[in-house]
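Now for the letters of each chain:
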Amino acid sequence: MENITARELIETMPEAFRPERARRVDAVIQFKLSGEGGGNWYAIIKDGTCTVTEGVSESAQGTIMMDASDYVALAAGDLGGMKAFLSGRIKTSGDFTLLRKMETWFPR
């Protein structure tokens, strides 16, 4: 994943999405990435599909806040989700159980 950006990773989420692992999910998840290459996006997981939109959703059930470079490391498998959370590199709000399930919906 050398030289891939957080934006590229977020925008390719629909292609990486595994609908068979997200049956009956109806969720909006907000990503707030800071630092170089950061921004705001939200993913809508519904009816076996994933769509991503740039911006802020008023109806997100969960929000993930982290540095864009940490998001890239997480997606590459170089940073473990629980380790990042416990060390404060990932902050969340909303439905934590829903956010934890996301790991199964998207392969690394």
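Up top you'll find the structure we're talking about.
Remember, predicted model here, so these are calculated numbers, not experimental data. (Residues numbered from 1 in each chain as written. Predicted model: local features only at pLDDT ≥ 70, side-chain atom pairs only at ≥ 80, totals over all residues. Heavy atoms only, no water.)

(A) Summary view of helix H5 (residues 96-105). Taken together, the buried positions of H5 are Leu98, Leu99, Met102 and Trp105. The buried side chains of H5 occupy one side of the element, clustering within an arc of 100° when seen end-on. Summarising the contacts, the buried residues of H5 are in contact with helix H2 (13-16), strand E1 (26-34), strand E2 (39-46), strand E4 (62-67) and strand E5 (90-94). (Buried < 20%, exposed > 50% of the residue type's maximum accessible area, 1.4 Å probe, protein only. Helix = DSSP H or I, 4+ residues; strand = E, 2+ residues; numbered from the N terminus. Arc of directions from axis to C-beta. Contact = heavy atoms within 4.5 Å.)

(B) A nonpolar patch on the surface, seen in detail. Together, Met82, Phe85, Leu86 and Phe96 line one region of the surface with nonpolar side chains, adding up to about 370 Å² of accessible area. Among the structural elements, Met82 can be located in helix H4 (residues 81-86). (Patch = residues over 30% accessible without salt bridge, like charges linked within 9 Å, V, L, I, M, F, W, Y side chains within 5 Å. Areas by Shrake-Rupley, 256 points an atom, 1.4 Å probe, with all protein chains shown as cover. Salt bridge = Lys/Arg side-chain N within 4 Å of Asp/Glu carboxyl O.)

(C) Looking closely at the environment of Phe85. Its location among the elements puts Phe85 in helix H4. Among the residues examined, Phe85 registers a relative accessible area of 30% and is labelled partly exposed. Once the C-alpha coordinates of Phe85 and Lys46 are considered, the two residues, 39 residues apart in sequence, prove to be 26 Å apart. Discounting residues that sit within four places of it in the chain, Phe85 has contacts with Ile90, Thr92 and Phe96.

(D) Just unusual backbone geometry, in detail. Its identity is not glycine, yet Arg24 carries a phi of approximately 60°, on the positive side. Relative to the helices and strands, Arg24 is located in the loop between H2 and E1. On the basis of relative accessible area, Arg24 is assigned to the exposed category, the value being 82%. For Asp47, which is not glycine, the phi torsion reads 55° and is therefore positive. Structurally, Asp47 is set in the loop between E2 and strand E3 (49-54). With relative accessibility at 69%, the residue Asp47 sits in the exposed group.

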